[in-house]
Amino acid sequence: GQYQILDMFCGKGRLCRAVPMRHCNLYTGVDCNEPAIVEARNVNAHYRFELLDATIHRWKAHCILLWTAVSMLNDDDILPFLQSLDAQWIIIGEICGRDWRTPGSVQHPAIYNRDWHEYPDLLAQAGYALSHAEAQPHVHYSTPAWNGMRDTGIHTFVFRRDNDWQFYKEARVR
């Protein structure tokens, strides 16, 4: 289906509150973590939350939010995932820097943080152009006990569909 605002890997739905209550029908959060979806529904009853449907191979929305989500995708999987998105706008929020990468364990998944400049290159390969970027300090990781003296800025990237790229792609198919 076509979503207006699709929050992929929404967890407990904390970003839904950025959408005013009068527009809550525009927001849909999806995640593969069923307990998180149940909690999101309980805490944010006016917003829609769905369990991620692994059979969907093309995600379509006006705007797709990927907030601290793409760092869960390894280097082989990120580009195919980004190419599976069909949106006018994609918003990514991540702590950037490859020095944040962790191999993972039984209790915690592997984390594949990337340097900030990698995101515009990856999204360009998926047909999106960078519209805006900024970095703000991340409140949770701002102390040396957490950050180990690494950059803790959360980088926000806003990408828009690059219509010239889309035209080129469609012309090659013909």
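Residues numbered from 1 in each chain as written. Predicted model: local features only at pLDDT ≥ 70, side-chain atom pairs only at ≥ 80, totals over all residues. Heavy atoms only, no water.

Check the secondary structure of the chain and you find five helices and seven strands. The linear arrangement of helices and strands in the chain, starting from the amino end, is β-β-α-β-β-α-β-α-β-α-β-α. Counting across all 174 residues of the chain, residues that qualify as buried make up 41%. For the chain, the accessible area works out to roughly 10,200 Å², and carbon and sulfur atoms hold 56% of it. (Helix = DSSP H or I, 4+ residues; strand = E, 2+ residues; numbered from the N terminus. Buried < 20%, exposed > 50% of the residue type's maximum accessible area, 1.4 Å probe, protein only. Areas by Shrake-Rupley, 256 points an atom, 1.4 Å probe, with all protein chains shown as cover.)

Right, let's get into the pattern of salt bridges. Throughout the structure, instances matching the rule amount to seven salt bridges. Ionic pairing is found between Arg 114 and Asp 75, a salt bridge with its closest N-O pair at 3.2 Å. Residue Arg 114 is found in the loop between β5 (85-95) and α3 (118-125), and its partner Asp 75 is found in the loop between β4 (59-67) and α2 (78-83); the two are separated by 39 residues along the sequence. Here Arg 98 and Glu 118 are joined by a salt bridge, their closest N and O atoms 2.8 Å apart. Of this pair, Arg 98 sits in the loop between β5 and α3 while Glu 118 sits in helix α3, and the two are 20 residues apart along the sequence. Judged by relative accessible area, Arg 98 falls into the partly exposed class, the value being 34%. A relative accessible area of 16% places Glu 118 in the buried class. (Salt bridge = Lys/Arg side-chain N within 4 Å of Asp/Glu carboxyl O.)

With that settled, the discussion passes to the side chain of Ser 84. Residue position: Ser 84 is located in the loop between α2 and β5. Overall, the relative accessible area of 12% leaves Ser 84 in the buried class. For Ser 84, the side chain forms a polar contact with the main-chain oxygen of Phe 81, separated by 2.6 Å. With residues up to four places along the chain from it excluded, the contact list for Ser 84 reads His 57, Arg 58 and Trp 59. (Polar contact = N/O pair within 3.5 Å; in protein donor to acceptor, adjacent residues only side chain to side chain. Contact = heavy atoms within 4.5 Å.)

What follows concerns the nonpolar core. Core analysis: the largest hydrophobic core is formed by 27 residues, its most contacted members being Met 8, Ile 64, Leu 66, Leu 82, Leu 85, Ile 90 and Ile 92. Secondary structure elements with two or more residues in this core: β1 (2-8), β4, α2, β5, α3 and β7 (153-161). Sequence-distant contacts of Ile 92, defined by excluding residues within four places in its chain, comprise Leu 66, Trp 67, Val 70, Tyr 119, Leu 123, His 155, Thr 156, Phe 157 and Phe 159. Core analysis: the second largest hydrophobic core is formed by nine residues, Cys 16, Val 19, Ile 37 and Phe 49 among them. (Core = buried A, V, L, I, M, F, W, Y, C linked by side-chain atoms within 4.5 Å.)

This brings us to the side chain of Thr 156. On the secondary structure map, Thr 156 appears in strand β7. Take Thr 156: its relative accessible area is 18%, and that puts it in the buried class. The residues contacting Thr 156, other than those within four sequence positions of it, are Trp 67, Ile 91, Ile 92, Gly 93, His 132, Ala 133 and Glu 134.

Buried within helix α1 (residues 34-43) we find Ala 36, Ile 37 and Ala 40. Around the axis of α1, the buried residues are gathered within 100° of arc, so they sit on the same side. Across α1 from its buried face, at more than 90 degrees, point the exposed residues Glu 34, Pro 35 and Asn 42. Where the residues of α1 are buried, they touch β2 (27-31) and β3 (48-51). (Arc of directions from axis to C-beta.)

Turning to α3, its buried residues are Glu 118, Tyr 119, Pro 120, Leu 122 and Leu 123. Check the buried side of α3 and you find it contacts α2, β5, β6 (128-137) and β7. Phi for Gly 127, located one or two positions after α3, is positive at around 100°.

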